[in-house]
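Commentary on secondary and tertiary structure
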Amino acid sequence: METVRKLILTRKPGVDEIDIKAAEEKLQAVFPEQFVQLYHLVNNPEIGEWLLFPIKDRKNVKKTWDDIVRQNTEVRYIGMADEWIVIGENGTGDKLCLKKVNGLMREQIFLWYHESGEAEELAPSLKQFIISLTEEE
């Protein structure tokens with residue numbers, strides 16, 4: 001993941017395991033390992049045109065208020081299936097998602113289209129997603 005960190009535009013400090021576990025508990029699902037590794041390195045990462053939502057940091061609540069839990073509870077799209085955990089956006093209304101199955105979030109990164117409610121797999125993992133975006137640029 002350290003190689004991937006060089007491809008990320010933001011340098012906000014990462015979050016502690018306790019904050020990640022708190023988010024997982026509220027979302028009722030466990031994040032994939034690569035996601036956890038990334039958030040240990042940097043919180044609220046910006047990758048290409050995508051901004052990943054922060055995990056609420058108990059040491060920096062004001063700057064992480066609009067966190068991943070809020071995005072999946074309070075401001076969630078009406079009609080979006082419960083299986084989708086929204087992790088980021090690019091300002092178009094479309095969302096980056098992880099798929100929740102039996103209390104676990106899968107490794108694959110999906111793009112959920114707000115106009116159709118359909119989703120497509122963009123990458124088999126977060127690392128591959130980040131690498132593919134930087135190769136496009």
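Presented here is a report on the structure given in the accompanying data block. (Residues numbered from 1 in each chain as written. Predicted model: local features only at pLDDT ≥ 70, side-chain atom pairs only at ≥ 80, totals over all residues. Heavy atoms only, no water.)

1. Concerning empty space enclosed by the protein
Using the following cut-off: Within this scheme a cavity is a closed region of a 1 Å grid, computed over the protein atoms alone, that accommodates a 1.4 Å probe without allowing it to escape, whereas a pocket is open but has protein on both sides within 12 Å along at least five of seven lines; lining residues each have an atom within 4 Å of a point. Grid points are joined across faces, edges and corners, and a volume is the space filled by probe spheres set on the points.
Using the criterion set out here, one finds one cavity of 30 Å³ or more in the structure. Taken as a whole, the largest cavity encloses approximately 30 Å³ of empty space. What lines the largest cavity is simply Pro32, Gln34, Phe35, Ile87, Leu98, Glu107, Ile109 and Leu126.

2. Brief notes about the nonpolar core
Considering soluble globular proteins, one finds that nonpolar side chains tend to be buried as a cluster. For clarity, the cut-off: By nonpolar core we mean a set of buried residues, namely Ala, Val, Leu, Ile, Met, Phe, Trp, Tyr and Cys, connected to one another through side-chain atoms within 4.5 Å. Each residue is assigned to one of three classes by its accessible area relative to the maximum for its type, calculated with a 1.4 Å probe on protein chains only: buried under 20%, partly exposed between the two thresholds, exposed over 50%. Under the scheme used here, helices are H or I runs from DSSP no shorter than 4 residues and strands are E runs no shorter than 2 residues, and both carry numbers assigned from the N terminus. Note on definitions: a residue-residue contact is assigned when non-hydrogen atoms from the two residues lie within 4.5 Å.
With 36 residues, the main nonpolar core has Phe31, Phe35, Ile55, Ile68 and Phe129 as its most contacted residues. Only helix H2 (17–27), helix H3 (33–41), strand E2 (50–52), helix H4 (68–73), strand E3 (84–89), strand E4 (95–101), strand E6 (109–112) and helix H5 (126–136) provide two or more residues apiece to this core. What isoleucine 55 contacts, discounting residues up to four positions off in sequence, is Val15, Asp19, Ile20, Ala23, Phe31, Phe35, Tyr39, Asn43, Thr64, Asp67 and Ile68.

3. A few points about the packing of H2 against H3
Put simply, the test is: Geometry is summarised by axes, namely lines fitted to C-alpha atoms with helices restricted to the contacting stretch, and by angles between N-to-C directions that run from 0 to 180 degrees. When an angle is under 35 degrees it counts as roughly parallel; over 145 it counts as roughly antiparallel; between 65 and 115 it counts as roughly perpendicular; any other value is oblique. Rotating anticlockwise by less than a right angle from the far helix to the near helix defines a left-handed crossing, while the corresponding clockwise rotation defines a right-handed one. Any residue that is not Ala, Val, Leu, Ile, Met, Phe, Trp, Tyr, Cys, Pro, Asp, Glu, Lys or Arg is counted as polar, Gly included; the first ten are nonpolar and the last four charged.
Remark: H2 packs on H3, axes separated minimally by 10 Å, with the N-to-C direction vectors making an angle of 135°. Overall, the two elements H2 and H3 adopt an arrangement that is oblique. Read as a crossing pair, H2 and H3 show a hand that is right-handed. Where H2 approaches H3, its residues Glu17, Ile20 and Glu24 are matched on the opposing element by Val36, Tyr39 and His40. Looking at the contact of H2 with H3 residue by residue, the classes come out as three nonpolar, one polar and two charged.

4. Some words on the packing of aromatic side chains
The condition that has to hold: Geometry of aromatic contacts follows a simple scheme: Phe, Tyr and Trp rings, the Trp one being its six-membered ring, pair when their centres are within 6.5 Å, and the pair is stacked under 30 degrees between planes, edge-to-face over 60, tilted otherwise.
Inspection of the entire model under this criterion finds four aromatic pairs. Here the aromatic rings of phenylalanine 31 and phenylalanine 35 are separated by 4.5 Å at their centres, their planes lie at 20°, and the arrangement is stacked. For phenylalanine 31, a relative accessible area of 4% gives the class buried. Phenylalanine 35 gets classed as buried once you look at its relative accessible area, which sits at 2%. Here the aromatic rings of phenylalanine 35 and tyrosine 39 are separated by 4.5 Å at their centres, their planes lie at 25°, and the arrangement is stacked.

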